[in-house]
Each structure stands twice: as C-alpha cells, then as structure tokens.
Amino acid sequence: MSRTLLIVKPDATERNLIGHVISRLEKARYKIVEMRMVRLTEEQARKFYAVHEGKPFLDDLVKFMTSGPVVPMVLEKENAVLDLRTCIGATNPANADCGTIRYEIAVDIEKNSVHASDSDDNAKIEIESFFN
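Residues numbered from 1 in each chain as written. Predicted model: local features only at pLDDT ≥ 70, side-chain atom pairs only at ≥ 80, totals over all residues. Heavy atoms only, no water.

Student: So what about the overall build of the protein? Which residues, and what values?
Tutor: Along its length, the protein carries seven helices and four strands. For the protein, the N- to C-terminal ordering of α and β elements is β-α-α-β-α-α-β-α-α-β-α. The C-alpha atoms of the protein give 14 Å as radius of gyration, which agrees with the globular expectation for 132 residues (14 Å, within 12%). When its C-alpha atoms are laid out on the principal axes, the protein stretches across 35 × 35 × 25 Å. When each of the 132 residues of the protein is scored for burial, the buried share is 46%. Taking contacts inside the protein between residues at least 6 apart in sequence as the whole, the part at least 24 apart equals 75%. A total accessible area of about 7400 Å² is found for the protein, and carbon and sulfur atoms account for 49% of it. For the protein, the separation between the mean place of its 18 positive charges and that of its 21 negative charges on side chains is 3 Å. (Helix = DSSP H or I, 4+ residues; strand = E, 2+ residues; numbered from the N terminus. Rg over C-alpha atoms; globule rule 2.2 N^0.38 Å. Buried < 20%, exposed > 50% of the residue type's maximum accessible area, 1.4 Å probe, protein only. Contact = heavy atoms within 4.5 Å. Areas by Shrake-Rupley, 256 points an atom, 1.4 Å probe, with all protein chains shown as cover. Lys, Arg positive; Asp, Glu negative; His and termini not counted. Charge placed at Lys NZ, Arg CZ, Asp CG, Glu CD.)

Student: Residue-level account of the nonpolar core, with values.
Tutor: Membership of the largest hydrophobic core comes to 20 residues, with the highest contact counts inside it found for Leu-6, Val-8, Val-21, Leu-25, Met-73, Leu-84 and Ile-101. For this core, the secondary-structure elements that each account for two or more residues are strand 1 (2-8), helix 2 (18-27), strand 3 (71-77), helix 5 (80-88), helix 6 (101-105) and strand 4 (114-116). Among all residues touching Leu-6, those that are not within four sequence positions of it are Val-21, Leu-25, Val-71, Pro-72, Met-73, Leu-75, Leu-84, Ile-88, Val-114 and His-115. (Core = buried A, V, L, I, M, F, W, Y, C linked by side-chain atoms within 4.5 Å.)

Student: Any chance you could break down unusual backbone geometry for me, citing the residues and the numbers?
Tutor: Its identity as a non-glycine residue notwithstanding, Asn-79 has a phi of 55°, on the positive side. Its place among the elements puts Asn-79 in the loop between strand 3 and helix 5. For Ser-113, which is not a glycine, the phi torsion comes out positive at approximately 75°. Of note, Ser-113 is situated in the loop between helix 6 and strand 4. Its relative accessible area of 0% is what places Ser-113 among the buried residues.

Student: Please set out the state of the cysteines residue by residue, giving values where relevant.
Tutor: By definition, a disulfide links the sulfur atoms of two cysteines through a covalent bond. Tallying each qualifying case throughout the model produces zero disulfides. With no disulfide of its own, Cys-87 has Cys-98 as its nearest cysteine by sulfur position, at a separation of 13 Å. Classification of Cys-87 by relative accessible area gives buried; the value is 13%. Taking relative accessible area as the criterion, Cys-98 reaches 64% and is therefore assigned exposed. (Disulfide = S-S within 2.5 Å.)

Structure follows, in structure tokens:
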C-alpha cells in the first residue's frame, strides 16, 4: 500500500462538495486514513506551495488557499499517487477527461477544487505538512 495527500480546496468546500469528493474517492477504493478541516494561514500556504516560489501565480494561489477552509486527507491504496492523479484529472479542468473530479466540479484553472501529490516523495512531505 502507498499513501498520498488530497486537499479539497476552498472553492469546493464553499460549494458543499466535500462529500462528493469523498464518495468518488471511496468508489475508487481509496482508504481514508486521516482527514480534517483546517483554515490555512498565509504562512502555512506559502510553506506548502514553496515549490512555486518566484512564479507569478503564487500570491493568488496563497490568497485562494487561505480564503476558506480546506480538507486535507491521507489516502491509501496500491499505486495511490498515480491513480489519484488520474482520478482528479488535469490541473486545468478544461483539459480534464470526462469523469474526473476536476471535470465534474472544478470552476477553472485557479479554482480547480482539489490538490493531489504529484510523486511518492512529495506525498510524504505534503502529508507531514498536515499530519504528524
């Protein structure tokens, strides 16, 4: 079994889509190991997205991620990272495959409803950002 992190972002929590995301994950046979609802501070959001330091969209991303509650969760399954990336779809929902989470619920590239770790190494780091 491997683990990965998924975050339900503020646009989805505001639209009461947490249950929808969880249902999709459970149907995809993920085991939810840990989950909580939190409101990120600017410092926490900047630290989490430090990989984007210097990019023009970072300030807007931080503002968005601190605009409302988020729901980070640790998911477990064989091939968790890659399977989850497939399940959520492309970062830009306009390019997401039909049937993916982002195709179904994302508003646009900025409000794309969910975050998922992009590698096993990043999954470990990102999980530690929210769960000890």
